[in-house]
Amino acid sequence: MRDLAARPELLSLNTATVRERWGLQEIIEGCARHGIRAISPWRDQVAKTGLANVSKLIRTHGIGLSGYCRGGMFPAADAAGRERAREDNRRALDEALTLDAACLILVVGGLPPGSTDIAGARVQVEEGIAWLLEQARPAGMKLAIEPLHPMYAADRACVNTLAQANDMCDRLGDGVGVAVDVYHVWWDPALESEIARAGRAARLFAFHVCDWLVPTTDLLLDRGMMGDGVIDIPRIRGWVEAGGFKGHVEVEIFSAANWWKRDPDEVLRVCRERYATVC
Ligand code: ZN
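The structure presented is a predicted model; accordingly, all values stated were derived computationally and were not measured.

1. Description of the packing of aromatic side chains
One pass over the full model with this rule turns up 5 aromatic pairs. Ring centres 5.9 Å apart and planes at 45 degrees place the aromatic pair W186 and W212 in the tilted group. Of the two residues, W186 sits in the loop between helix 7 (182-185) and helix 8 (191-200) while W212 sits in the loop between strand 8 (204-209) and helix 9 (233-242), which places them 26 residues apart along the sequence. A relative accessible area of 29% places W186 in the partly exposed class. These aromatic residues form a ring-pair network of at least three members: W42, F254 and W260. For the cation-ring pair, K142 lies above F205, with the distance from its terminal atom to the ring centre recorded as 4.8 Å. Sitting over the face of the ring of W259, R262 holds its NZ or CZ atom 3.8 Å from the ring centroid.

2. Concerning the packing of helix 8 against helix 9
To describe two helices that pack against each other, one gives the angle between their axes and the distance between the axes. Where helix 8 contacts helix 9, the axes come no closer than 8 Å and their chain directions differ by 30 degrees. Classified by the angle their axes make, helix 8 and helix 9 are roughly parallel. Judged by the twist between their axes, the crossing of helix 8 over helix 9 is right-handed. Taken together, the residues of helix 9 that come into contact with helix 8 (itself represented by L191, E192 and I195) are I236, W239 and V240. Residues that form the contact of helix 8 with helix 9 fall into these classes: 5 nonpolar, no polar and 1 charged.

3. Remarks on the sheet that holds strand 4 (residues 68-72)
Spatially, 9 strands are ordered 3-2-1-9-8-7-6-5-4 in an open sheet, and the strand pairing comes out parallel. At either end of the open sheet lies a strand with only one pairing partner, and these are strand 3 (64-65) and strand 4. Pairing geometry for strand 1 (residues 11-14) and strand 9 (residues 249-251), over 3 bridges, is parallel. Directly across from L11, in strand 9, lies its bridge partner V249. Of the strands in this sheet, strand 6 (143-145) and strand 7 (176-181) touch helix 6 (residues 162-172), which is tilted by about 165 degrees from strand 7.

4. Comments concerning the pairing of strand 5 (residues 104-107)
Across the two faces of strand 5 the burial is the same, with L104 and L106 and I105 and V107 all buried. Here strand 4 pairs with strand 5 via 4 bridges, running parallel. Within the sheet, the bridge partner assigned to G72 lies in strand 5 and is V107. Pairing of strand 5 with strand 6 involves 3 bridges; the strand directions are parallel. Across the sheet, residue I105 finds its bridge partner in strand 6, namely A144. Following the backbone out of strand 5, through helix 5 (residues 118-139) and into the adjacent parallel strand 6, one traces a crossover that is right-handed.

5. Section: the nonpolar core
One finds L104, I129, L143, I145, V180, F207 and V209 to be the most contacted residues of the largest nonpolar core, which totals 79 residues. Ranked by residues supplied to this core, first place goes to helix 5 with 6 residues. For F207, the residues in contact, after removing those within four places along its chain, are V180, V182, I236, R237, V240, F245, H248, V249 and E250. Within the second largest apolar cluster, 11 residues are counted, among which are W42, I105, A179 and F205.

6. Topic: the coordination of the zinc ion
In this structure, E146 (OE), D181 (OD), H208 (ND1) and E252 (OE) serve as the protein donors to the zinc ion, at separations of 2.1 to 2.2 Å. Relative to the metal, the 4 donor atoms surrounding the zinc ion lie at angles of 83 to 154 degrees, and the coordination shape comes out irregular. All donors to the zinc ion come from one chain, and their sequence spacing reads E-x34-D-x26-H-x43-E. Of the two residues, D181 sits in strand 7 while H208 sits in strand 8, which places them 27 residues apart along the sequence.

Rules used throughout
Residues numbered from 1 in each chain as written. Predicted model: local features only at pLDDT ≥ 70, side-chain atom pairs only at ≥ 80, totals over all residues. Heavy atoms only, no water. Phe/Tyr/Trp six-rings, centres within 6.5 Å; stacked < 30°, edge-to-face > 60°. Helix = DSSP H or I, 4+ residues; strand = E, 2+ residues; numbered from the N terminus. Buried < 20%, exposed > 50% of the residue type's maximum accessible area, 1.4 Å probe, protein only. Lys NZ or Arg CZ within 6 Å of the ring centre and 35° of its normal. Axes fitted to C-alpha atoms, helices over the stretch in contact; angles between N-to-C directions. Parallel < 35°, antiparallel > 145°, perpendicular 65-115°, else oblique. Left-handed = near helix turned anticlockwise from the far one by under 90°. Contact = heavy atoms within 4.5 Å. Nonpolar A, V, L, I, M, F, W, Y, C, P; charged D, E, K, R; others polar. Pairing = 2+ DSSP bridges. Right-handed = clockwise from strand over helix to strand, strands pointing away. Core = buried A, V, L, I, M, F, W, Y, C linked by side-chain atoms within 4.5 Å. Donors = N, O, S within 2.8 Å, 3.2 Å for Na, K, Ca; no water. Tetrahedral: all angles 85-135°; square planar, octahedral: opposite > 155°, others 65-115°.

Next up, the structure:
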């Protein structure tokens, strides 16, 4: 396993972690100050700061992108909605290419409004990814399906286990893989074997860390700092690295009541420390 304390350059910051207090330019400058060499920014932050500006800022500060957040949200109630989703994904792909991201993260989407057909939503997801893949593959941009915890199946992602994501990747072929986010998959009894399966297919594209707090008080915005919860992060990282993953360890914390309220410089210091000691 890689020695993270000796490899600070492997730390990446998902920019959602400090987005409440800093704009993207401040985040990039802050990461440079704290010796964080990679980020994974969100599209709305990039739009606000300007794509060309962001592109220049990351080059100036020597910061890479461990991923780009995000494409997906494919299912829609009608053909026009699906077409709009595809156009939006096409733009996300172009932005990821401009910023030279390691992969485009896909949060695939849940049920269309009014629908109770989760199987149908999953078919729409797979069709949407197949469509996007036709453009991503020749452009050389990897697509990373991020399975989300089942509590998000209705509104964010109807791909909820690594097994399901692996099955989808098997059918879709080259160029699409998975993002393993410990928050979403830590509970899965099949996690070790499914990570190994993804490793054998060389489709481990991203690794996200935070922690699961007990109790969790908000379904979306109460993620913990690594070391404050119940996830055995080193064990999962060991599986991911045994599967051949050589990329960044990306810290992604949505925490409205705690970390988002703190001074971002303090948050980055704690991220660095916990990355080196508990991940
Ligand atoms: Zn994630």
